[in-house]
Amino acid sequence: QVQLVESGGGLVQPGGSLRLSCAASGSIFSVYLMGWYRQAPGKQRELVARITNSGNINYLDSVKGRFTISRDNAKNTVHLQMNGLKPEDTAVYYCYTNLRTTSWNGATDYWGQGTQVTVSS
């Protein structure tokens, strides 16, 4: 079993900052992708940022220059530093990982429970 534990969501004023963290634990052989998705009410879930085990990074266009993703491979953790937050960033943010639990199994996707980020004055 693999668990993803998220932390760091909350309420912040426009222009403020938040840092999301996610730790993967359990039966883990190797981790490939780690990242964050978000889903606002009435909208589809969208990729915010992701980072591979070799450090390649992708960002949603609307967060480029404001959000920074980082990863600690030794601890199987991923962080999302969010600066310059806007009301349109309000959503539930989900941690995501693609990993293998054994050397003979293929990679599988796992999701966190989600953490609410609300940007409002």
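These remarks concern the structure in this document. Since the structure is predicted, the reported quantities are computational estimates derived from the model, not experimental observations. Residue numbers here run from 1 along each chain, matching the order of that chain's written sequence. In view of the model being predicted, local features appear only for residues whose pLDDT reaches at least 70, and side-chain atom pairs are presented and counted only at 80 or more, with totals across whole chains, interfaces and linings using the full set of residues. Side-chain descriptors were evaluated using all non-hydrogen atoms of the structure, hydrogens and water having been removed beforehand.

**Some words on the environment of Leu4**
Let me state the cut-off plainly: Put simply, DSSP marks the helices as runs of H or I at least four residues long and the strands as runs of E at least two long, and each gets a number from the N terminus on. By definition, residues are in contact when any of their heavy atoms lie within 4.5 Å.
Along the chain, Leu4 falls in strand E1 (residues 2-7). Through-space distance from the C-alpha of Leu4 to that of Ile69 is 17 Å; in sequence the pair is 65 residues apart. With near-sequence residues (within four places) excluded, Leu4 lies in contact with Cys22, Ala23, Ala24, Cys95, Tyr96, Thr97, Tyr110, Trp111 and Gly112.

**Here's the deal with unusual backbone geometry**
Most peptide bonds take the trans configuration, and most residues that are not glycine carry a negative phi. Applicable threshold: Accessibility here uses a 1.4 Å probe with only protein chains present; expressed as a share of the type maximum, an area under 20% marks a residue as buried, one over 50% as exposed, and anything in between as partly exposed.
Even without being glycine, Asn76 reaches a positive phi, approximately 50°. You can see Asn76 is positioned in the loop between strand E7 (67-72) and strand E8 (77-82). For Asn76, a relative accessible area of 19% gives the class buried.

**Focus: the state of the cysteines**
What counts here: Working definition: a disulfide is two cysteine sulfur atoms within 2.5 Å of each other.
Counted by the stated rule, this structure contains 1 disulfide. Between the sulfur atoms of Cys22 and its disulfide partner Cys95 the distance amounts to 2.0 Å. Between Cys22 and Cys95 the sulfur-sulfur dihedral comes to about -85°; the bridge is accordingly left-handed. One end of the pair, Cys22, is in strand E3 (residues 18-26); the other, Cys95, is in strand E9 (residues 91-100), with 73 residues separating them in the sequence. The exposure class of Cys95 is buried, given its relative accessible area of 0%.

**Some thoughts on the pairing of strand E5 (residues 46-51)**
The following threshold applies: At least two bridges found by DSSP between two strands are what make those strands a pair.
Bridge analysis of strand E4 (residues 30-39) against E5 gives 5 bridges, and the strand direction is antiparallel. Across the sheet, the residue bridging to Gly35 is Arg50, located in E5. Hairpin remark: E4 followed by E5, antiparallel, with 6 residues in the connecting loop; positive phi at Gly42, about 75°. The sheet contact formed by E5 and strand E6 (residues 57-59) spans 3 bridges and is antiparallel. Following the sheet pairing, Ala49 is matched in E6 by Tyr59. Hairpin connection, E5 to E6: the antiparallel pair is bridged by 5 residues, and Gly55 has positive phi, about 95°.

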